[in-house]
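Read off the chains here:
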Amino acid sequence: MTGPAAVKDLTAHTEPGILFPLGQPVGLTYAFDLPASKEISGRRAADELRYVVRGGRTPSTLDEAQYRVWRLAHELDPLIGQPWTGASISGQLFAHGVPHGQETVDRLVEAELMAVVEDSDASIVSFASSVRVCPLFVGLGNSPEEPGIFHIGTGSITVASVTPLVYLLFSLAPQHRDLFETVVEMHLMAQESGLVDAITDNPIELLRSLLPALLQLLESDAIYLDLRSSGDT
Amino acid sequence: MSDDGNPWVLPLGFPLGVSYPRHKDGRIYESVNLDGDLREIVPASRRAVWRLAHGAWSIDAGNWGRSDVLAAALEDGVDDPEEALDLLISDGFIAQIERSDAAIEKFASEHSVHALLVGYGVGAELAGNRQMLGSIEHGLRFMVDRDVFDFWTWAQLEPDLHSAANVLVNRPAEITGREYRTATDFSRAAISIIQTLIARGALYLLRTSAAVDQSPTVAPEVRI
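Computed from a prediction, not measured in an experiment: that's the story for all the values here.

A.B. asks: Teacher, can you tell me more about the interface of chain A and chain B here?
C.D. replies: Accessible area lost during the coming together of the parts is what is often quoted as the interface size. Contact with chain A, which involves 43 residues of that partner, is made by 41 residues of chain B. Interface area, chain A with chain B, both sides summed: about 3300 Å², of which 58% is carbon and sulfur. At the junction of chain A and chain B, the tally comes to 2 salt bridges. The partner of Arg57(A) in a salt bridge is Glu158(B), with the nearest N and O atoms 2.6 Å apart.

Below is the structure:
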């Protein structure tokens, strides 16, 4: 399990275009079980099992290679312990005998199952305004021994342990339409409670500082990122 | 035996676990995101009843009511569980739903469902009507009926349970394994499905903003 102390300074990463996976896995499903879906893996028989990931209201069907790339995007690049970029993930795939990694990434981005976030305020805010943080587990609170570390999981299973600030993000997310809205409210609360000491008083900087934690939560399956519903205003 | 006198009870809000104090008085509290506010349940009896209302003690039943939660609380030695349950209901941490169509409709229009965990679908080895939910990486997986899986997957996309019922009641029976005459019939069945999923840690309920807005408040001030 990765503790909060192990969260690296991923914002120091200089390569452009960090990849964030989007969507909730539904699993192997027959095509006839689905409402209208995006078929990004090409035409296939209706009775063939396929991987389904739901982003927003639309389920997308993926072939096994696409699904593996999508799952890989939940992890950090093991060689450098940094988030994937389009270039680094296709390099990794090529090294493992997958020749068209970039093409697969492009199709996943096009299907809105991956987002590319550049290191600029505009890109970060645009990303945060188009996705919402959806918990996959509940909060488990803290312990008297380590009151500064909060746990996420279910029952006796802990899937992630995080700082109070990241726990605040996790705690507030369910009621908000998008990540940016969550961070703006969080910023107000963090200022009031003193949690904001270590970071700048600008919500966008707070958002930027939380991106590594977001990747940590994605890697541990504590959350997924969903597309903000088009009906939300 | 009829359950008419045994209304359903369901926990509301996103659970945030037990927190140990920052409070100077040393009290322990259960945190819940309720209607967007981070709220606390402090007294031990209320914390116990809140946990029991999630039904993990009755994981295979999926159709528990008020008297079942109170019986489980008494068995656990909780002090005055009836008072604790009533206070949790009046504070909005637990919904109590009479088993009438009107009460079901009201509940359905005022609450939304939110799915937790990951779906694994049917899988080649999983013939029949069962599908899998969980998180295999974390050693958690369990099977549910197809109608439960279908509800888990799609109901969360609708703004409230009433809207979800109106959409999902039309799902073909060959997919869900069930057939319903009306959206109200669907909502009635959905309460048992919701209990099954909450007991497994696969779902939580939130009040819709419409329901929150309709909460009793002081009368608005009239200016002349």
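Resuming the write-up.
A.B. asks: What am I meant to see in unusual backbone geometry here?
C.D. replies: Most peptide bonds are trans, and most residues other than glycine sit at a negative phi. Residue Asp221(A) is not a glycine yet carries a positive backbone phi of 60°. Among the structural elements, Asp221(A) can be located in the loop between helix H7 (203–219) and strand E11 (223–227). The backbone of Asp35(B) shows a phi angle near 55°, a positive value even though the residue is not glycine. Following the sequence through the fold, Asp35(B) ends up in the loop between strand E3 (29–34) and strand E4 (37–41).

A.B. asks: Explanation requested: the pattern of salt bridges in the structure shown.
C.D. replies: A side chain with one charge can pair with a side chain of the opposite charge if their charged atoms come near. Under the criterion given, the structure shown has 22 salt bridges over all chains. In this structure, Arg208(A) and Asp121(A) form a salt bridge, with 2.4 Å as the shortest nitrogen-oxygen distance. Here Asp121(A) lies in helix H4 (residues 121–130) and Arg208(A) lies in helix H7, a separation of 87 residues in the sequence. Using a relative accessible area of 16% as the deciding quantity, one classes Arg208(A) as buried. Here Arg66(B) and Asp86(B) are joined by a salt bridge, their closest N and O atoms 2.9 Å apart. Within this pair, whereas Arg66(B) is found in helix H2 (residues 66–75), its partner Asp86(B) is found in helix H3 (residues 81–90), the two being separated by 20 residues in sequence.

A.B. asks: Got a minute to help me understand the pairing of strand E9 (residues 140–145) of chain B in this structure?
C.D. replies: Regular strands place side chains that alternate from one sheet face to the opposite one. Residue and element names in this part refer to chain B. What you see with E9 is a clean split: Leu140, Phe142 and Val144 sit on the buried side and Arg141, Met143 and Asp145 on the side with no burial. Pairing of strand E8 (residues 130–135) with E9, which is carried by 6 bridges, proceeds in the antiparallel orientation. Across the sheet, residue Met132 finds its bridge partner in E9, namely Met143. Counting the residues that bridge the hairpin from E8 to E9 gives 4 residues, and of these Gly139 lies at a positive phi of roughly 70°.

A.B. asks: Which parts of the structure should I look at to understand the packing of aromatic side chains?
C.D. replies: Centre distance and the angle of the planes are the two values used to describe a pair of aromatic rings. Tallied over the full model, the rule gives 11 aromatic pairs over all chains. Taken together, a centroid distance of 5.7 Å and an interplanar angle of 35° make the contact between Phe149(B) and Trp152(B) tilted. Within this pair, Phe149(B) and its partner Trp152(B) are both found in helix H5 (residues 146–154), separated by 3 residues, close to a single helical turn. Joined through ring pairs, the aromatic side chains of Phe150(A), Tyr167(A), Phe170(A), Phe14(B) and Tyr204(B) make up one cluster.

A.B. asks: Is there a simple way to think about the side chain of Asp226(A) in this case?
C.D. replies: Residue and element names in this part refer to chain A. Tracing the sequence through the fold places Asp226 in strand E11. In this structure the side chain of Asp226 is engaged in a polar contact, spanning 3.0 Å, whose partner is the side chain of Arg54. Here the side chain of Asp226 touches Gly56 through a polar contact of 2.6 Å, landing on its backbone nitrogen. In contact with Asp226, not counting residues within four places along its chain, are Arg54, Gly55, Gly56, Ser130, Val131, Arg132 and Cys134.

Rules of the game
Residues numbered from 1 in each chain as written. Chains lettered and ligands numbered in written order. Predicted model: local features only at pLDDT ≥ 70, side-chain atom pairs only at ≥ 80, totals over all residues. Heavy atoms only, no water. Contact = heavy atoms within 4.5 Å. Buried area = accessible area lost by both parts, 1.4 Å probe. Salt bridge = Lys/Arg side-chain N within 4 Å of Asp/Glu carboxyl O. Helix = DSSP H or I, 4+ residues; strand = E, 2+ residues; numbered from the N terminus. Buried < 20%, exposed > 50% of the residue type's maximum accessible area, 1.4 Å probe, protein only. Pairing = 2+ DSSP bridges. Phe/Tyr/Trp six-rings, centres within 6.5 Å; stacked < 30°, edge-to-face > 60°. Polar contact = N/O pair within 3.5 Å; in protein donor to acceptor, adjacent residues only side chain to side chain.

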